[in-house]
Amino acid sequence: MALRAAVLRHVRVAVQTRGLESNPWFPSGSIRLMSSHDDHLTKEEVADRVLSVIKSFPKVDPSRVTPEVHFQKDLGLDSLDNVEIVMALEEEFKLEIPDKEADKIDSCNLAIEYIHNHPLSS
């Protein structure tokens, strides 16, 4: 490691730069790096989609679903239903929720918060 550092201190490599001004792909002369995750979902968008997923769950009365609803206490769902809801949310938002985190999601509020704060939710 010390040898590598010593060599790198003394080695100079000529770098040829190309002007971006002449490149038709970058007419302004600048590059904008883009990511498929630049447009993060708003909390309202997440809440609407989470509520929609839960309302479409077969054992749930859609009229009882609110952002504050608890899956087991308010909707009468069991732990297996809870797992199925989390799986449906993973599919809806195209993300994977680790088991440790999935076990904690037992209400709409927690689902909305987790998904809104997840960097890869889409």
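Structure: above.
The structure contained in this document is the topic of the report that follows. Because the structure is a prediction, the values reported are computed rather than measured.

## Some thoughts on the packing of helix α2 (residues 43–55) against helix α3 (residues 79–93)
For the pair α2 and α3, interaxial distance at closest approach is 10 Å and the crossing angle is 135°. With respect to α3, the axis of α2 lies oblique. The two elements α2 and α3 cross, and the hand of that crossing is right-handed. Together, Val 46, Arg 49, Val 50, Val 53 and Ile 54 of α2 and Ile 85, Ala 88, Leu 89, Glu 92 and Phe 93 of α3 make up the contact between the two elements.

## Digging into the nonpolar core
Counting 27 residues, the largest nonpolar core has Val 50, Ile 54, Phe 71, Leu 89 and Phe 93 as its most contacted members. The element contributing the most residues to this core is α2, with 6 residues. Among all residues touching Leu 89, those that are not within four sequence positions of it are Val 50, Val 53, Ala 111 and Ile 115.

## A short note on the pattern of salt bridges
Under the counting rule described, the total for this entry stands at 4 salt bridges. Notably, a salt bridge pairs Glu 113 with Lys 43, separated by 2.1 Å at the nearest N-O pair. Of this pair, Glu 113 sits in helix α5 (residues 108–117) while Lys 43 sits in helix α2; the two residues are 70 residues apart in sequence, bridging distant segments of the chain. In this structure Glu 113 comes out as partly exposed when scored by relative accessible area, which is 31%. Where Asp 81 meets Lys 59, a salt bridge forms, and the shortest distance between an N and an O atom there is 3.0 Å. With Asp 81 in helix α3 and Lys 59 in the loop between α2 and α3, the pair connects residues that are 22 residues apart, well separated along the chain. On the basis of relative accessible area, Lys 59 is assigned to the exposed category, the value being 55%.

What counts, and where the lines are drawn
Residues numbered from 1 in each chain as written. Predicted model: local features only at pLDDT ≥ 70, side-chain atom pairs only at ≥ 80, totals over all residues. Heavy atoms only, no water. Axes fitted to C-alpha atoms, helices over the stretch in contact; angles between N-to-C directions. Helix = DSSP H or I, 4+ residues; strand = E, 2+ residues; numbered from the N terminus. Parallel < 35°, antiparallel > 145°, perpendicular 65-115°, else oblique. Left-handed = near helix turned anticlockwise from the far one by under 90°. Contact = heavy atoms within 4.5 Å. Core = buried A, V, L, I, M, F, W, Y, C linked by side-chain atoms within 4.5 Å. Buried < 20%, exposed > 50% of the residue type's maximum accessible area, 1.4 Å probe, protein only. Salt bridge = Lys/Arg side-chain N within 4 Å of Asp/Glu carboxyl O.

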